[in-house]
Amino acid sequence: MANILILLFNGISEGALYFLMAASLSVILGLMGVVNFAHGTLFLWGAYVFRWVYVYIFPNNFILAIICATLAGFLIGLIFEKVFISRVYGNIGAQIMITLGLSIVFTELVRVIWGPSALVVGRPPMLAGASHLEFDFGTVIISHYRLFVIIVGVVVAVLGHFLLTRTRVGMTIRAGVQNSEMVGALGININRYFTLVFAVGGALAGFGGALFAPLSTTITPLSGNQFQLMAFIVVVIGGMGSFVGSALGSLFMAVMIALIGWTIPDISLVAPVALMALILIFKPQGLFKWR
Amino acid sequence: MSLLKVNDLVSYIGLFTILQGVSMEIQQGEAVAILGRNGAGKTTFLRTVMGLVKTRSGSITFNDASIIGKATHKISKLGIGYCPEDYGVFDLLTIEENLVLATHKKNAATRDRIAYVLDLFPDLKLAYKRHARTLSGGQRQMLSVGRSLVNSPALILIDEPSKGLAPVVIEKMALALKEIAKQSTIVLVEQNFHMALIVTDRYYIIDEGRTVHGGLMKDLENDKELQQRHLGL
Ligand SMILES: Nc1ncnc2c1ncn2[C@@H]1O[C@H](COP(=O)(O)OP(=O)(O)OP(=O)(O)O)[C@@H](O)[C@H]1O
Ligand SMILES: [Mg+2]
C-alpha cells in the first residue's frame, strides 16, 4: 500500500513534466499542424542550460538557472519557427524532415558542448529533503522536490488555462486551433501567433527540462527522448490541440505507468505506446470529450 | 469609381489552375450575385480575392489599389468582410467571443456594430454567452454574416449562405442580407436563385473558372434559356 502511494506520487511528479511538454506540443500541433519532433531537444537544452547556469554562471541560484533555461527554450523555439518551420507550413513531409533534422543537430550540439557522458545535478538545499508520513499501512516518503514539481505543474496548468480562455491572445489561439485561415480572414496576423506559440512552447519545454535535471539528478544527451515520446502519447490521449486534454492526459499517463510499474513492471514502457496505437485507431479525437 | 475591379484573373491551387479568366467590376453600394454550377470556381474566386488562393496573372483592385499578393489579414483590414462556405465559426468560442475576436478596434463604433448585428439576428442575442458549437446551421450562418459586419466593411463577400438551410431560414437570411445591402456592397455567391433574386440586382456567371456572362437579375429571371445553359436550372 505504501509502495503504490510512493509510486503514484513519483509518477505524478513526472506527469507534471509530461504535461509541460505535451501542452505546448499539442497547441503547436493544433494551431500550426506541425508535429514538432524537435520538442524533446528543447527539453534537453533546458536541462543542460539549467545545469550550466546552476553550476558555473550563478552557482546555486536555482531560480536564475530555471529562468535562463526557460529563456533558452524560448529563444531556440523562436529561431526554429522564424528560420526553419515558418517556411514549410502546410507541407507535412518537409515539416517532419526539418523538425527531425533540428532535433538531431541540436542534440548533437549538446553532446559536443557538454560531452556524451552523464552529468550530475544537485537539488537546491531548500527542496532536497523528504517527509516521511507514517500510516497504519506503512511509511510514505514524499520528496520535497517532487512535490515542488507537482505544484509548479498545477500552477502552470491553471495559469495556461486562464490565459487561453480569458484573454484575447488566448481566444485567438483557440480560434486558430480550429481554423487559422479564418482568423487571418478576420484581419488578424496569425503568423505572429504561430511564432509566439512556438517560442512559448519552447520556453515550456526548456522549463520542463530545467525542472527535470534536479529531479533525475543526472542528465545525458538522451534525456529528452523519453519525455518527447511520452508527450506525443499524452497529446494523442488528450486530443490534439487541447490544453486541458494535455493536463488530464498527463495525469492519466502518470497514474497508468505507476500502476503498471507496480503490477507488471516488464511492460511499463510498452504499455503507453500500445495505448497510443489503440487510441489512434479507435478514438483519434482523444479520450476526453471536453477541450 | 468601382470598389472592386477584377481583370482576367487566373489563380491556382498546387498544380491545378482553377480560375482561368474572371473579370468583373463592382460599384460602391451594389449587391451582385456570382452564379454558376457546382465546381465552377465561385468559392475559389472569393478565396482568391481574400488572398487565400494564389494568383498567377490578372489583377484585383480594391478602391483602385492592387490587393494581389497581400496577406489575408491585410486584405481584411482594408475593409473586406468574408463569410466562407463552411461559415468559419469558432465552435469553442462563445457567440460574443466570435464577434469580439473579429473587431479591429475596441471603441464605441464597434460596440454599436455588435448591437446592430444582434438586432439584425435576435437568435445570436439569445445565445450570446453560449459556445458556437451549440448553434444550428442557420444560426451559424447568422453568426458568420454578423461577424463579417462588425468593422463596417466596405465590401462583404458571402459564400452560399443558403446552403443546407431550410426554406424558411433561407427566407429570413435573404431579408437580413437585403437589409445589410442597404449599407454595404455585397458580393453574394449563390446557387439558390430565389435568394439571389431577393438580395441582388446584378449578376455574373462563372463557368469552368471563367466569367461567361453578366447582366441584370431581372433579365436573367425571364431568360429561361440562359438559366438552363449556364446554371442548369
Ligand atoms: N484544394 C483544391 N485542390 C484542387 N482542386 C480544387 C481545390 N479546391 C477546389 N478545387 C477545384 O476547383 C474547382 C472550383 O471549385 P470551387 O470550390 O471554387 O467551386 P464552386 O463554384 O464554389 O462550387 P460549389 O458550388 O460546389 O461550392 C473545382 O473543380 C474543384 O474541384
Ligand atoms: Mg463553393
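Residues numbered from 1 in each chain as written. Chains lettered and ligands numbered in written order. Predicted model: local features only at pLDDT ≥ 70, side-chain atom pairs only at ≥ 80, totals over all residues.

Chemist: Describe the overall build of chain B, naming the residues involved and giving the relevant values.
Modeler: When helices and strands are counted, chain B shows 10 helices and 10 strands. Taken along the three principal axes of its C-alpha coordinates, chain B extends 45 × 40 × 35 Å. In chain B, of all internal contacts separated by at least 6 residues, the share reaching a separation of at least 24 is 66%. (Helix = DSSP H or I, 4+ residues; strand = E, 2+ residues; numbered from the N terminus. Contact = placed C-beta atoms within 7 Å.)

Chemist: Which residues make up the overall build of chain A, and what values go with them?
Modeler: Regarding its fold elements, chain A presents 10 helices and 4 strands. Along chain A, helices and strands appear, N-terminal first, in the series α-α-α-α-β-β-β-α-α-α-β-α-α-α. With respect to the three principal axes, the spread of C-alpha positions in chain A is 60 × 45 × 35 Å. Of the contacts made within chain A by residues no fewer than 6 positions apart, 77% connect residues no fewer than 24 positions apart.

Chemist: How would you sum up helix H2 (residues 39-57) of chain A? Please name residues and give values.
Modeler: The first and last C-alpha atoms of H2 of chain A sit 25 Å apart over 19 residues, in line with the 27 Å expected at 1.5 Å per residue. Here H2 of chain A lies mainly inside the structure; 15 of its 19 residues are buried. (Expected span 1.5 Å × (residues − 1). Buried ≥ 20, exposed ≤ 12 C-beta atoms within 10 Å, placed from the backbone.)

Chemist: Explain the site of ligand 1 residue by residue, including any values.
Modeler: All names here are of chain B. In the region of ligand 1, 14 residues are neighbours, and Asn 38, Gly 39, Lys 42, Thr 43 and Thr 44 sit closest. Contributing elements (two or more residues each) for the shell around ligand 1: strand S2 (16-27) and helix H1 (42-49). Grouping the amino acids of the shell around ligand 1 by side-chain chemistry returns 4 nonpolar, 8 polar and 2 charged. (Near = placed C-beta within 6 Å. Nonpolar A, V, L, I, M, F, W, Y, C, P; charged D, E, K, R; others polar.)

Chemist: Talk me through the interface of chain B and chain A; I want residue IDs and the actual numbers.
Modeler: Between chain B and chain A, the residue contacts involve 17 residues of the former and 16 residues of the latter. Elements that contribute at least two residues to the side of chain B that touches chain A include exactly helix H2 (72-77) and helix H3 (95-102) of chain B. The greatest single-element share of the side of chain B that touches chain A, amounting to 4 residues, is contributed by H2 of chain B. Grouping the constituent residues of the side of chain B that touches chain A by class yields 9 nonpolar, 5 polar and 3 charged.

Chemist: Residues and numbers for the nonpolar core, please.
Modeler: Of all hydrophobic cores here, the largest spans 155 residues; its most connected members are Tyr 18, Met 21, Phe 50 and Ala 231 of chain A together with Leu 157, Ile 186 and Leu 188 of chain B. With 16 residues, helix H7 (residues 190-216) of chain A is the single largest residue contributor to this core. Not counting residues up to four positions away in its chain, the partners in contact with Ala 231 of chain A are Tyr 18, Met 21, Ala 22, Leu 25 and His 39 of chain A. (Core = buried A, V, L, I, M, F, W, Y, C linked by C-beta atoms within 7 Å.)

Chemist: Which residues make up helix H6 (residues 137-149) of chain B, and what values do they have?
Modeler: Residue and element names in this part refer to chain B. With 13 residues, H6 extends 19 Å between its outermost C-alpha atoms, agreeing within 8% with the 18 Å of an ideal straight helix rising 1.5 Å per residue. Most of H6 is tucked away, with 11 of its 13 residues classed as buried. When H6 is considered as a whole, its buried residues turn out to be Gln 139, Arg 140, Gln 141, Met 142, Leu 143, Ser 144, Val 145, Gly 146, Arg 147, Ser 148 and Leu 149. Those residues of H6 that are buried lie in contact with strand S6 (80-83), H3, helix H4 (108-120), helix H5 (122-126), strand S7 (155-159) and helix H7 (167-181).

Chemist: Could you give me a rundown of the environment of Met 253 of chain A, with the residues and numbers involved?
Modeler: Residue and element names in this part refer to chain A. Inspection of the secondary structure puts Met 253 in helix H9 (residues 243-263). The spatial distance from the C-alpha of Met 253 to the C-alpha of Met 230 is 8.3 Å, given a sequence separation of 23 residues. Apart from residues lying up to four places away in sequence, Met 253 is in contact with Gly 15, Tyr 18, Met 230, Ile 233, Val 234, Ile 237 and Pro 272.

Chemist: With reference to specific residues and values, describe the packing of helix H3 (residues 62-84) of chain A against H7 of chain A.
Modeler: Residues and elements named next belong to chain A. Interaxial distance between H3 and H7 falls to 7 Å at its minimum, and their mutual angle equals 145°. Handedness of the H3/H7 crossing: right-handed. Residue composition of the contact of H3 with H7, grouped by class: 15 nonpolar, 8 polar and 2 charged. (Axes fitted to C-alpha atoms, helices over the stretch in contact; angles between N-to-C directions. Left-handed = near helix turned anticlockwise from the far one by under 90°.)

Chemist: Provide a residue-level description of the packing of helix H5 (residues 144-166) of chain A against helix H6 (residues 168-185) of chain A, including the pertinent values.
Modeler: Residues and elements named next belong to chain A. Where H5 contacts H6, the axes come no closer than 5 Å and their chain directions differ by 80°. One way to sum up the angle between H5 and H6 is to call them roughly perpendicular. Counted together, Leu 163, Leu 164, Thr 165 and Arg 166 of H5 and Gly 170, Ile 173 and Arg 174 of H6 form the full contact between these two elements. (Parallel < 35°, antiparallel > 145°, perpendicular 65-115°, else oblique.)

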